[in-house]
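Breakdown of the fold
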Number of protein chains: 2
Amino acid sequence: MKPQDNVLKLEQQLCFAIYSAAHAFNRAYKPLLDALGLTYPQYIVMMVLWERNGQTVKEIGAKLDLDSGTLSPLLKRLEKLGMITRMRDENDERQVVISLTEHGKSARRQALDKIVPAIGQLVGCGVDDLDEMRDRVIKLKAALDGAVSHEGAS
Amino acid sequence: MKPQDNVLKLEQQLCFAIYSAAHAFNRAYKPLLDALGLTYPQYIVMMVLWERNGQTVKEIGAKLDLDSGTLSPLLKRLEKLGMITRMRDENDERQVVISLTEHGKSARRQALDKIVPAIGQLVGCGVDDLDEMRDRVIKLKAALDGAVSHEGAS
DNA sequence: CAAAATCCTATTGCGCACAATCTAATTATG
DNA sequence: CATAATTAGATTGTGCGCAATAGGATTTTG
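A quick note: this is a predicted structure, and the numbers were derived from the prediction, not measured.

Our focus in this paragraph is the sheet that holds strand β1 (residues 55-56) of chain B. Residues and elements named next belong to chain B. Pairing is antiparallel in the open sheet, where three strands are placed in the order β1-β3-β2. Every interior strand has two partners, whereas the edge strands, β1 and β2 (84-88), have only one. One ladder, built from two bridges, connects β1 with strand β3 (residues 96-100); its direction is antiparallel. From the neighbouring strand, T56 faces β3, where its bridge partner is V97. Across the sheet, helix α4 (residues 68-80) touches β2 and β3, and the angle it forms with β2 is around 120 degrees.

See below:
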């Protein structure tokens, strides 16, 4: 085996580990979220709204790194589920403000009672470890983000 | 703020960090893979084949945690790109063996020359750090996988 | 104030990801 | 050997994720 072969293998490891772990999270959440009738991306949007109710599509997109092509249909589904309302801002009619319904607010309690403990127990391995790992992954993402935005720079 | 609020926030962190990093990898790879005409999932399938040519759909799926609903159309696209061939196994006609074309084999060189160095420089931060991080993410995925398969167990 | 530029959201099209279903081939069982 | 059960892939339908485009609303500029 040439030395290059190892490089290609190694190179695969981190990106594929992340790719694969993301799918594993999805699968792990699915049975829990089915009880709420939410998908994982929908759940993430709900978390953003639980932290602060009444945000524009753009604000949500900035926090989640998602554009309107993803969010518009997703938010319509959340509206159809009775989780949120979508209203044009009176002062700036370009913006659409997303607000939680009572049903959407109460879903938060289910998440706290059922999902958080289940995932917590599942991942286990100590809070400190998780914190450190999260910080590293966030730094990794920042490095990747930087590279994309500096593309044309000298 | 109630103490529960922190839990829901914290709980978001790792899963969202992974989710978000996976997207960041995708975006970082895209401009590099465009030169090859491949998407990131297609590139991953090619890496599996570069490691060992001539594998069944099931073998590829097992390595990547993907089912036929994902792989069947993806492999057809790779075939249309002239990267692979799909042939029924003579001994067991249920199986389809995927093999690299010359074009598919030569794409590996481009990956080694262009993509690997670019991503390597991009992620940076020392090989040892990356190795450790990769191992942690793999363990995390294993924990998540285990939880899914043990669902009904006491 | 009018034209141009910018901004926000929605839409379209393509490619995953996965559940559910289907078909054909193989193996197990009586 | 015939039937049942299992296995491998393909197909269908739904929901992201993102590029490209379009349509209004707002701001900037002359």
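A few words on the protein's contact with DNA strand D. The environment of DNA strand D is formed by 26 residues, the closest being A:G69, B:T56, B:K58, B:G69 and B:R94. Residues belonging to the surface near DNA strand D are distributed by class as follows: five nonpolar, eleven polar and ten charged.

On to the relation of the copies chain A and chain B, then. Between chain A and chain B, which share one sequence, the superposing operator has a rotation angle of 180 degrees and an axial displacement of 0.0 Å; the RMSD is 0.0 Å. Look at the turn and shift together and you get a two-fold axis relating the two. Counting the interface residues of chain A, we find that 100% of their copies in chain B are interface residues as well, pointing to one common contact surface.

What follows concerns the protein's contact with DNA strand C. Around DNA strand C, the surrounding shell holds 26 residues, and the nearest of these are A:T56, A:K58, A:S68, A:G69 and B:G69. At the level of secondary structure, the elements contributing two or more residues to the surface near DNA strand C comprise α1 (3-34), α3 (57-64) and α4 (68-80) of chain A together with α2 (40-51) and α4 of chain B. Counting residues per element, the surface near DNA strand C draws most heavily on α4(B), at four residues. For the surface near DNA strand C, the per-class residue count stands at five nonpolar, eleven polar and ten charged.

A:I18, A:A21, A:F25, B:I18, B:A21 and B:F25 are the most contacted members of the largest nonpolar core, which has 68 residues in total. Leave out the neighbours within four places in its chain, and A:F25 touches B:C15, B:I18, B:Y19 and B:L144.

All names here are of chain B. Its location among the elements puts D131 in helix α6 (residues 127-149). A count of 13 C-beta atoms within 10 Å places D131 in the partly exposed class. Sequence separation of D131 and T70 is 61 residues, and the distance between their C-alpha atoms is 29 Å.

Cut-offs applied
Residues numbered from 1 in each chain as written. Chains lettered and ligands numbered in written order. Predicted model: local features only at pLDDT ≥ 70, side-chain atom pairs only at ≥ 80, totals over all residues. Pairing = 2+ DSSP bridges. Helix = DSSP H or I, 4+ residues; strand = E, 2+ residues; numbered from the N terminus. Contact = placed C-beta atoms within 7 Å. Axes fitted to C-alpha atoms, helices over the stretch in contact; angles between N-to-C directions. Near = placed C-beta within 6 Å. Nonpolar A, V, L, I, M, F, W, Y, C, P; charged D, E, K, R; others polar. Least-squares fit on C-alpha atoms with pLDDT ≥ 70 in both. Core = buried A, V, L, I, M, F, W, Y, C linked by C-beta atoms within 7 Å. Buried ≥ 20, exposed ≤ 12 C-beta atoms within 10 Å, placed from the backbone.

So far we have only geometry, and geometry alone does not tell us how the molecule works.
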